[in-house]
Amino acid sequence: GRANAEERGLADRVELVAGDVGAWRGEPSDVVLNIGASHVWGGEPVAHTANALAALADLTRPGGRAAFAECYWRRPPTDTEMAAMPFIPREQYRSLPELVDFALAHGFRLIALTETTVDEWDEFENLHCLGWEDWLLENPGSPDFEAVRDRADRHRHARVHGQRETLGFAYLTLLRV
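Keep in mind that what you see is a predicted model, and the values were worked out from it rather than measured. All residue numbers refer to position in the chain's written sequence, counted from 1. In keeping with the predicted nature of the model, local features appear solely for residues at pLDDT of at least 70, side-chain atom pairs appear and are counted solely at 80 or more, and the whole-chain, interface and lining totals rest on all residues. Side-chain numbers come from the whole structure's heavy atoms, not from hydrogens or water.

Chemist: How should I be thinking about the overall build of the protein chain in this particular structure?
Modeler: Elements are defined by DSSP. Helices are runs of H or I of four residues or more, strands are runs of E of two residues or more, and each kind is numbered from the N terminus. Along the backbone of the protein chain there are six helices and four strands. Along its sequence from the N terminus, the protein chain presents helices and strands in the succession α-β-α-β-α-α-β-α-α-β. Considered along the principal axes of its C-alpha atoms, the protein chain spans approximately 50 × 40 × 30 Å. Accessible area is worked out with a 1.4 Å probe on protein chains only. A residue is then buried under 20% of its type maximum, exposed over 50%, and partly exposed in between. Sorting the 177 residues of the protein chain into buried and exposed places 35% on the buried side. Contacts are assigned to residue pairs that have any heavy atoms within 4.5 Å of one another. When contacts within the protein chain are restricted to residue pairs at least 6 apart in sequence, those whose partners lie at least 24 apart make up 71%. For the protein chain, the exposed area adds up to about 10900 Å²; of that, 53% sits on carbon and sulfur atoms. Only four residue types enter the charge count, namely Lys and Arg as positive and Asp and Glu as negative; His and the chain termini do not. Charged side chains are reduced to one point each, which is NZ for Lys, CZ for Arg, CG for Asp and CD for Glu. Within the protein chain, one finds 18 positive and 29 negative side-chain charges whose respective centroids are separated by 4 Å. Residue burial considers only the protein chains on display, and all accessible areas are found by Shrake-Rupley using a 1.4 Å probe.

Here's what the structure looks like:
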């Protein structure tokens, strides 16, 4: 990131900090990003989005921008679909309109809204799962083999039988008021 900022002539205007963002307490910034990482703010999964938006509001100066990306329910999942995703509480996510309204209630205005397509979501998931499959091929004798295979199988089952038809991913560009 630093090399990229230097190459673009931005090094004197950008501060890049590596560390635990959930513990970081700096001055409010002009631009803050939280892309699919609401969980870093801690708490129970049903509180992740609220915790992330509260943190973004604190870390974004008035007039600054926050890029926030989060999952949402494309449609309410059925009981069967929820059973395929036992690690996701139904209350963890909202519909897209509810997600936008929730962000606005945390002191933001919406500048832009984009959502992933099913093809983009599939590409992300395929690459994510490929890491596990490659590891399994390369480590058949590992003592962690069964645990990794079990996790990959649970994730695949949740994706195919629950998430793919119900879970979306939205990018909100927010203005801090």
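Chemist: Looking at this model, I keep getting lost on the sheet that holds strand E3 (residues 108-115). Mind explaining?
Modeler: Hydrogen bonds along the backbone pair up the strands of a sheet, which may run parallel or antiparallel. Here a strand pair is declared whenever DSSP counts at least two bridges between the two strands. Ordered by their spatial adjacency, four strands build an open sheet running E1-E2-E4-E3, and the pairing between neighbours is mixed. The sheet is open, and its two borders are formed by strand E1 (29-35) and E3, each paired with just one other strand. Mean inter-strand twist for the sheet, computed between neighbouring axes without regard to direction, equals 15 degrees. Pairing analysis gives seven bridges linking E3 to strand E4 (residues 167-176), with the strands arranged antiparallel. By the bridge assignment, arginine 109 is partnered in E4 with leucine 175. In this description, a line fitted to the C-alpha atoms serves as the axis of each element, helices being fitted only across the stretch in contact, and the angle between N-to-C directions of two axes falls anywhere from 0 to 180 degrees. Most of the contacts of helix H2 (residues 48-59) go to strand E2 (residues 60-73), to which it runs at about 165 degrees, and overall it touches E1, E2, E3 and E4. Along the sheet face, helix H6 (residues 145-166) touches E2 and E4 and points at about 40 degrees away from the line of E4.

Chemist: Got a minute to help me understand the environment of proline 77 in this structure?
Modeler: With respect to the secondary-structure elements, proline 77 resides in the loop between E2 and helix H3 (79-84). Each C-alpha atom, one on proline 77 and one on valine 17, is 39 Å from the other, the two residues being 60 residues apart in sequence. Setting aside residues no more than four positions away along its own chain, proline 77 makes contact with Met82, Met85, Arg90 and Thr166.

Chemist: I would appreciate a short explanation of the nonpolar core in the present structure.
Modeler: One recurring pattern in soluble globular proteins is that nonpolar side chains are buried together. To define a nonpolar core, start from buried Ala, Val, Leu, Ile, Met, Phe, Trp, Tyr and Cys residues and group those joined through side-chain atoms within 4.5 Å. Judged by nonpolar contacts, the single largest core of 19 residues is most densely connected at Leu56, Phe68, Leu172 and Leu174. Only H2, E2, helix H4 (96-104) and E4 provide two or more residues apiece to this core. Ranked by size, the runner-up nonpolar core spans eleven residues in total, among them Met82, Met85, Ala158 and Leu167.

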